[in-house]
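Results of the structural survey
Each chain is listed here by its residues.
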Amino acid sequence: MSEVNATGMLLQHPGVCSGELILQLHLLGVLHIGVGKHSSRSPTGFSQDLRSKRAEMWGPRFLLCILNLLKNQSFRAPNGTILFNMKKLLVMALSMFVLVGSVNAQINDDIQKSKERAEKLQSLCNGYKTSGNANVDGYGDAIKSAAILAIANSEQLENLYKRQIGETIDGVTDVTITKPTLEEWIALSTTIAGEALSIKSATDKLQAASEEAKGIAENASKERNPMKAGKAAKKAKAATAVMEFGNTATPILIEESAAQAKAVKEIIETLKSGGNL
């Protein structure tokens, strides 16, 4: 059995390797050893590798540590006031390893998908043109405005998350980066809620726009005057293009807005609970 004295130094008894186990955990980044209970150290290579998606390189060392932990050894705090069974520490270490890795992997995946949706929306917006019809264009303009807001929120989500984990936008670790405050995350959450309202406002215009577009198409098909028929057909084509823009962008918008809200909600809950990403 190993004991920790009042100065925080590890006392190793003959024939027992608990001190070695604690050191292995420290090297892995699972446990920090310092002087006193309020001691703090810089992030280990393990935590940095989790952020940079290189956690798999730690697998062999982590498994070796697990094998040693299974020997059912323990260590004692000063005067024997607290007894930690090493199997309990194993459960805690495994839980941390799996939880941190899965949370970061999920958020990274969510952000990548958000970027892909934002690119699709941007491409749609770049090709958008009004038709000269009030209701149709009212619908198209509203969808475009909501899309622009969603694109901006997607970029802000990525920027805040990268700052939160101490990386540049290119994924390079930078210890000088200032982490965003909880208030910044809450502000983004509020903006995303506004984005959802703008999407609803846009889709509320769909019925009137559809009826107008249908009427334009019917009038164009009935036009017999060659001089007017060409103009009517062009007008109908423009209206149809706006409707297709809205119908294509809307499901992407709805999915993106819901995904943004979910990601930010999870991050805020983690930060409020005292956790870190």
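Residues numbered from 1 in each chain as written. Predicted model: local features only at pLDDT ≥ 70, side-chain atom pairs only at ≥ 80, totals over all residues. Heavy atoms only, no water.

**Comments concerning the side chain of Ser257**
- When you line up the elements, Ser257 lands in helix H8 (residues 226-272).
- If near-sequence neighbours (up to four positions away) are discounted, Ser257 is found in contact with Ile192, Glu195, Ala196 and Ile199. (Helix = DSSP H or I, 4+ residues; strand = E, 2+ residues; numbered from the N terminus. Contact = heavy atoms within 4.5 Å.)

**Some points on the confidence of the model for the protein chain**
- Averaged over every residue, the pLDDT of the protein chain is 76; the share at 70 or more is 61%.
- Element-level mean pLDDT values for the protein chain span from 42 in strand S2 (residues 10-11) up to 97 in helix H5 (residues 134-164).
- A low-confidence stretch, residues 1-42 stays under pLDDT 50, and its non-local contacts, those more than four residues away or across chains, total 83 contacts.
- Between residues 44-60, whose pLDDT stays under 50, and residues either more than four places distant or in other chains, the model counts 27 contacts. (pLDDT = per-residue confidence, 0-100.)

**Considerations on helix H7 (residues 206-222)**
- Along its 17 residues, H7 runs 24 Å from first to last C-alpha, staying within 8% of the 24 Å computed at 1.5 Å per residue.
- Looking only at H7, the buried set comprises Ala209, Ala213, Ile216 and Ala220. For H7, the angular spread of buried residues about the axis comes to 60 degrees, placing them on one side. For H7, the exposed residues lying more than 90 degrees away from the buried face are Gln207, Glu211, Lys214, Asn219, Ser221 and Lys222.
- Tucked into the core, H7 has its buried residues touching H5 and H8. (Expected span 1.5 Å × (residues − 1). Buried < 20%, exposed > 50% of the residue type's maximum accessible area, 1.4 Å probe, protein only. Arc of directions from axis to C-beta.)

**So, the packing of H5 against H8**
- Where H5 contacts H8, the two axes come as close as 8 Å, and the packing angle between them is 30 degrees. Regarding the angle of H5 to H8, the classification is roughly parallel. As H5 packs across H8, the resulting crossing turns out to be left-handed.
- Grouping the amino acids of the contact of H5 with H8 by side-chain chemistry returns 18 nonpolar, eight polar and three charged. (Axes fitted to C-alpha atoms, helices over the stretch in contact; angles between N-to-C directions. Parallel < 35°, antiparallel > 145°, perpendicular 65-115°, else oblique. Left-handed = near helix turned anticlockwise from the far one by under 90°. Nonpolar A, V, L, I, M, F, W, Y, C, P; charged D, E, K, R; others polar.)

**Looking at the pattern of salt bridges**
- Scanning the entire structure with this criterion turns up nine salt bridges.
- Put simply, Glu158 and Lys115 hold a salt bridge, and the shortest N to O gap is 3.5 Å. Of this pair, Glu158 sits in helix H5 while Lys115 is found in helix H4 (residues 86-126), placing the two residues 43 residues apart along the sequence.
- A relative accessible area of 11% places Glu158 in the buried class.
- What makes Lys115 partly exposed here is its relative accessible area of 31%.
- Glu255 serves as the salt-bridge partner of Arg117, at 3.4 Å between the closest nitrogen and oxygen. In this pair, Arg117 is assigned in helix H4 and Glu255 in helix H8, connecting sequence segments 138 residues apart.
- In this structure, a network of salt bridges that share partners links the residues Arg117, Glu255 and Glu256. (Salt bridge = Lys/Arg side-chain N within 4 Å of Asp/Glu carboxyl O.)

**Side note on the side chain of Glu256**
- Within the secondary structure, Glu256 is located in helix H8.
- According to the relative accessible area criterion, Glu256 is buried, its value standing at 1%.
- Not counting residues within four places of it along the chain, the set of residues in contact with Glu256 comprises Ser114, Arg117, Ala150, Ser154 and Glu195.

**Points about the packing of aromatic side chains**
- All told, the structure shown has one aromatic pair when counted by the stated rule.
- Seen from their ring centres, Tyr128 and Phe245 are 4.7 Å apart, and the 40 degrees between their planes marks the pair as tilted. A residue pair is termed long-range when its members are at least 10 positions apart, and Tyr128 in the loop between H4 and H5 and Phe245 in helix H8 qualify at 117 residues. With respect to burial, Tyr128 and Phe245 carry one shared label: buried. (Phe/Tyr/Trp six-rings, centres within 6.5 Å; stacked < 30°, edge-to-face > 60°.)

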